Amino acid sequence: MKQKGWKDLAPGSVILEGGNAVNFKTGSWRAFRPVWIEENCIQCLFCWIYCPDMAVKVKDSKRNEFDYDFCKGCGICALECPGKKGKKAIEMIEEGK
Amino acid sequence: MATGLKLKELSKKEDLFTHGHRMCSGCGAPIVVKMILLATDYPVVASNATGCLEVSSCIAEYTAWKIPWIHTAFENAAATISGVETMYRSLKKRGKMDKDIKFISFGGDGGTYDIGLQSLSGAMERGHDMIYVCYDNGAYMNTGIQRSSATPLGADTTTCPAGIAIPGKIRPRKNLTKIMAAHNIPYVAQASPSNWMDLMKKVRKAHEITGPKFINILSPCNRGWRSKTNDAISLSKIGVNTCYWPLYEIENGVTKITFKPKEKKPVVDFLKPQGRFKHLFAPENEWLLTKMQEEVDTEWEKLLKEEQCV
């Protein structure tokens with residue numbers, strides 16, 4: 001992610017808009033990547049409520065893909081996922097593999 | 001209209017605490033903040049004591065907050081929000097504002113148990129209509145894991161390192177929830193992110209009560225607790241099940257335990273996954289484990305009795 005130079009900043013480095021951290025991508029912190037396996041998902045949304053980085057996209061109460069721009073790869077979602085019939089719907093794989 | 005406390009319904013709400021904040025991977029605090037703001041159906045103004053949450057949610061030209069948010073010094077988060085609340089009451093009285101606004105103050109355990117205690121005590125005593133939320137991770141994690149008065153007995157921190165001289169912190173933690181209850185305020189509660197429904201119910205209830213409210217929430221910190229990044233929720237769950245962190249509320253002096261574990265687990269289950277308690281499992285430190293279990297048991301018994309009293 002490219003950082004802003006001093007000429008691009010508002011005078012006094014004032015923040016002009018709430019929640020503009022959405023423009024700061026933290027996905028590069030990740031060492032492990034969560035992978036969503038749709039057929040094992042029971043749509044319980046635990047991954048969504050427990051995600052510290054709001055990186056689980058939910059549309060119309062249905063779980064969508066991960067937001068890899070922001071996921072820091074902590075693995076809470078994979079651990080808390082109840083899955084279907086003992087099969088987890090989220091797996092962690094090492095980045096770059 | 002209030003949103004039902006169902007994940008499917010809540011997921012339709014806008015995130016008032018956005019991604020892109022710079023909290024560590026697997027931190028408990030953003031989960032706590034997210035749950036509180038999801039449970040809130042009113043426009044809300046927040047103040048934030050210096051701490052992990054404050055410094056990493058608003059760095060340079062980025063902020064993760066979509067609500068009016070005031071950064072305060074370490075010691076005056078409660079004083080700041082009580083000032084804002086007084087201003088709001090004054091504006092309302094003069095007919096310059098008719099909105100129903102709620103006020104929340106966030107503080108870590110350092111900013112609440114230690115440095116901010118006087119301003120918090122003052123705000124509670126003056127009776128401002130506000131909620132103070134303490135996310136308790138049990139040390140000054142932001143500055144490099146120094147002990148606070150919320151650090152549990154036997155924990156290894158950088159200012160009470162476990163070694164030959166001392167086996168970690170030799171003093172037990174302070175029970176702030178009870179100190180707040182002693183202010184005789186209308187609502188005091190203790191919650192954990194692992195029991196999200198319980199946490200959100202408590203926040204909802206607090207919003208409907210007029211007067212000062214205090215909620216103490218366990219917030220695991222994998223850096224300071226020396227645990228894995230993925231166990232914020234599982235650790236807080238064990239903390240609740242071992243009764244190390246009992247979930248209860250005190251409403252107008254009446255204690256109610258909101259969650260009783262089916263089977264009370266030994267406190268060792270909570271300590272084992274955490275590297276900060278690693279030294280307690282050495283043979284010479286066994287007495288600390290016994291002492292810790294005794295303390296947890298005594299507190300739990302006390303709480304059960306308090307519940308029966310009314």
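A. Focus on the overall build of chain A. Scanning chain A from terminus to terminus reveals two helices and four strands. Mapped from its N terminus to its C terminus, chain A presents α and β elements in the order β-α-β-β-α-β. For 97 residues, the compact-globule estimate of 2.2 N^0.38 gives 13 Å, and chain A exceeds it by more than 25% at 16 Å. Each of the three principal axes of chain A carries a C-alpha extent, and together these read 55 × 35 × 15 Å. For chain A, the proportion of its 97 residues judged to be buried stands at 44%. Once local pairs closer than 6 in sequence are excluded, the contacts in chain A between residues at least 24 apart make up 62%. Split by element, the accessible area of chain A, about 5,600 Å² in all, is 53% carbon and sulfur. Of the charged side chains in chain A, 16 are positive and 13 negative, and the gap between their average positions amounts to 1 Å.

B. Structural view of the pattern of salt bridges. Residues and elements named next belong to chain B. Tallied over the full model, the rule gives 18 salt bridges over all chains. For aspartate 129, the salt bridge goes to lysine 213, with nearest N and O atoms at 2.8 Å. Remark: lysine 213 occurs in strand β6 (residues 213-218) and aspartate 129 occurs in the loop between α6 (117-126) and β4 (131-136); sequence separation between them is 84 residues. Note that aspartate 136 and arginine 173 form a salt bridge whose closest N and O atoms lie 2.5 Å from each other. Here the residue aspartate 136 occupies a position in strand β4, and arginine 173 occupies one in the loop between β4 and α7 (176-181), the gap between them amounting to 37 residues. The exposure class of arginine 173 is partly exposed, given its relative accessible area of 24%.

C. Geometry of the packing of helix α2 (residues 29-39) of chain B against helix α8 (residues 196-208) of chain B. Residue and element names in this part refer to chain B. It is the contact of α2 with α8, at a shortest axis distance of 9 Å, that shows an interaxial angle of 50°. What the angle tells us is that α2 and α8 run oblique. Here α2 and α8 pass one another in a crossing that is right-handed. Together, Met35, Ile36, Leu38 and Ala39 of α2 and Trp196, Leu199, Met200, Val203 and Arg204 of α8 make up the contact between the two elements. Each residue belonging to the contact of α2 with α8 can be placed in one class, and the counts come to eight nonpolar, no polar and one charged.

D. Fine view of the environment of threonine 112 of chain B. All names here are of chain B. On the secondary structure map, threonine 112 appears in helix α5 (residues 109-114). Classification of threonine 112 by relative accessible area gives buried; the value is 0%. Sequence separation between threonine 112 and glycine 122 is 10 residues; the distance between their C-alpha atoms is 12 Å. For threonine 112, the contacting residues outside a window of four places in its chain are Gly107, Leu117, Leu120, Tyr132, Cys134, Leu176 and Phe214.

E. Structural detail: the interface of chain B and chain A. At the junction of the two partners, chain B supplies 41 residues and chain A supplies 37 residues. Contact with chain A buries area across many residues of chain B, yet His19, Glu61 and Tyr62 of chain B alone supply 22% of it, more than any other trio. Here chain B and chain A share one salt bridge between them. Where glutamate 80 of chain A meets lysine 237 of chain B, a salt bridge forms, and the shortest distance between an N and an O atom there is 3.4 Å. Taken together, the connections running from chain B to chain A amount to 21 residue pairs in polar contact (both at pLDDT 80 or more). The set of elements that each furnish at least two residues to the side of chain B that touches chain A consists of α1 (7-10), α2, α8 and α9 (232-241) of chain B. Ranked by residues supplied to the side of chain B that touches chain A, first place goes to α2 of chain B with five residues. Residues belonging to the side of chain B that touches chain A are distributed by class as follows: 20 nonpolar, 12 polar and nine charged.

Calculation criteria
Residues numbered from 1 in each chain as written. Chains lettered and ligands numbered in written order. Predicted model: local features only at pLDDT ≥ 70, side-chain atom pairs only at ≥ 80, totals over all residues. Heavy atoms only, no water. Helix = DSSP H or I, 4+ residues; strand = E, 2+ residues; numbered from the N terminus. Rg over C-alpha atoms; globule rule 2.2 N^0.38 Å. Buried < 20%, exposed > 50% of the residue type's maximum accessible area, 1.4 Å probe, protein only. Contact = heavy atoms within 4.5 Å. Areas by Shrake-Rupley, 256 points an atom, 1.4 Å probe, with all protein chains shown as cover. Lys, Arg positive; Asp, Glu negative; His and termini not counted. Charge placed at Lys NZ, Arg CZ, Asp CG, Glu CD. Salt bridge = Lys/Arg side-chain N within 4 Å of Asp/Glu carboxyl O. Axes fitted to C-alpha atoms, helices over the stretch in contact; angles between N-to-C directions. Parallel < 35°, antiparallel > 145°, perpendicular 65-115°, else oblique. Left-handed = near helix turned anticlockwise from the far one by under 90°. Nonpolar A, V, L, I, M, F, W, Y, C, P; charged D, E, K, R; others polar. Buried area = accessible area lost by both parts, 1.4 Å probe. Polar contact = N/O pair within 3.5 Å; in protein donor to acceptor, adjacent residues only side chain to side chain.

Function-wise, these values are silent; they only describe arrangement.
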